[in-house]
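# Structure assessment
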Amino acid sequence: MIQRLIFFFLAMSFIVNVNYAQTPQFPIVQGFGGIYEIPEATERPDPNGNYKIIIDLVSASENPQEINRMVDNIARMVNLHGIAGVPKEKIKVKVAVHGGAIFSILNDAYYEKLYGVKNPNLPVFEAMKNADVEFYICGQSLIARNMKTTDVWNGAEIALSMLTTLTTYVPQGYMLMRF
């Protein structure tokens, strides 16, 4: 009897784990920001809605050898809208990079000079740019760190500041999120 009960609980545990074991999905940002469908979720983005989001990206990477979690989180946010059925054309995302996050958007040459490795974040930025995410680097943050505009990834625009970038887009209806 005890063996049957143990077998029953092991079998049920396997069935539950199989139901929740999923492969990450990348509906909009390919290869990064993997997310999972939650069929039971009743609160979801409206697939017919239009989403305008500006991200205040300030968080530095915890380990310069790895992708900055917050950079990948931006890709996740875009993909979560995608898995809910929001088409890429209906989600407009802009990212204002400043503060410690500046180090995440350096070009490979400058990053390698600082950390001894190529910038692991650049493939994520490229994938997001391919998904029409726009990037703005705070010129004030560069100057504060004695960096030049040539030290950063060339897929972004240089902005006067993060502050003016936010004050430009928030009044245009962009929702502000801080990562």
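It should be noted that the structure appears before, not after, this text.
My aim in this report is to walk through the structure given alongside it, one point at a time.

What counts, and at which threshold
- Residues numbered from 1 in each chain as written.
- Predicted model: local features only at pLDDT ≥ 70, side-chain atom pairs only at ≥ 80, totals over all residues.
- Heavy atoms only, no water.
- Buried < 20%, exposed > 50% of the residue type's maximum accessible area, 1.4 Å probe, protein only.
- Helix = DSSP H or I, 4+ residues; strand = E, 2+ residues; numbered from the N terminus.
- Pairing = 2+ DSSP bridges.
- Right-handed = clockwise from strand over helix to strand, strands pointing away.
- Axes fitted to C-alpha atoms, helices over the stretch in contact; angles between N-to-C directions.
- Parallel < 35°, antiparallel > 145°, perpendicular 65-115°, else oblique.
- Left-handed = near helix turned anticlockwise from the far one by under 90°.
- Contact = heavy atoms within 4.5 Å.
- Nonpolar A, V, L, I, M, F, W, Y, C, P; charged D, E, K, R; others polar.
- Phe/Tyr/Trp six-rings, centres within 6.5 Å; stacked < 30°, edge-to-face > 60°.

### Observations concerning the pairing of strand 3 (residues 134-138)
Where burial is concerned, most of strand 3 is hidden: 4 out of the 5 residues are buried. The pairing of strand 2 (residues 91-97) with strand 3 spans 4 bridges and is parallel. Residue pairing across strands places Lys-94 opposite Glu-134, the latter belonging to strand 3. Judged from the 3 bridges that link them, strand 3 and strand 4 (residues 157-159) form a sheet pairing that is parallel. Note that in strand 4 the partner of Ile-137 across the bridge is Ile-158. Between strand 3 and its parallel partner strand 4, the chain crosses via helix 5 (residues 139-144), and the hand of that crossover is right-handed.

### Some points on the packing of helix 2 (residues 69-83) against helix 4 (residues 122-130)
For the pair helix 2 and helix 4, the least separation of the axes is 10 Å and the interaxial angle reads 20 degrees. Comparing their axes, helix 4 and helix 2 come out roughly parallel. Crossing of helix 2 over helix 4 shows left-handed handedness. Of helix 4, the residues touching helix 2 (which contributes Val-71, Asp-72, Ile-74 and Ala-75) are Val-124, Phe-125 and Met-128. Of the residues belonging to the contact of helix 2 with helix 4, the class tally is 6 nonpolar, no polar and 1 charged.

### Comments concerning the sheet that holds strand 5 (residues 175-178)
The 5 strands are arranged 4-3-2-1-5 in an open sheet whose pairing can be described as parallel. Each edge of the open sheet carries a strand with a single partner, namely strand 4 and strand 5. Across the sheet, the axes of successive neighbouring strands diverge by a mean angle of 25 degrees, strand direction being ignored. Across the sheet, helix 6 (residues 162-169) lies against strand 1 (51-57), strand 2, strand 3, strand 4 and strand 5, angled at about 165 degrees from strand 1, the strand it touches most.

### Re the packing of aromatic side chains
Taken as a whole, this structure holds 6 aromatic pairs when the rule is applied. Aromatic pair Tyr-111 and Tyr-115: ring centres 4.7 Å apart, planes at 55 degrees, arrangement tilted. Here Tyr-111 pairs with Tyr-115, and both are found in helix 3 (residues 108-115), just 4 residues apart, close to one helical turn. We classify Tyr-111 as buried; its relative accessible area is 1%. Using a relative accessible area of 28% as the deciding quantity, one classes Tyr-115 as partly exposed. A centroid spacing of 5.4 Å and a plane angle of 75 degrees characterise the contact between Phe-135 and Trp-153, whose relative ring orientation is edge-to-face. With a gap of 18 residues between them, Phe-135 in strand 3 and Trp-153 in the loop between helix 5 and strand 4 connect regions that are remote in the sequence. With respect to burial, Phe-135 and Trp-153 carry one shared label: buried. Ring-pair connections join several aromatic residues into one group, and the members of that group are Phe-125, Phe-135 and Trp-153.

By themselves, these observations are geometric and do not establish any function.
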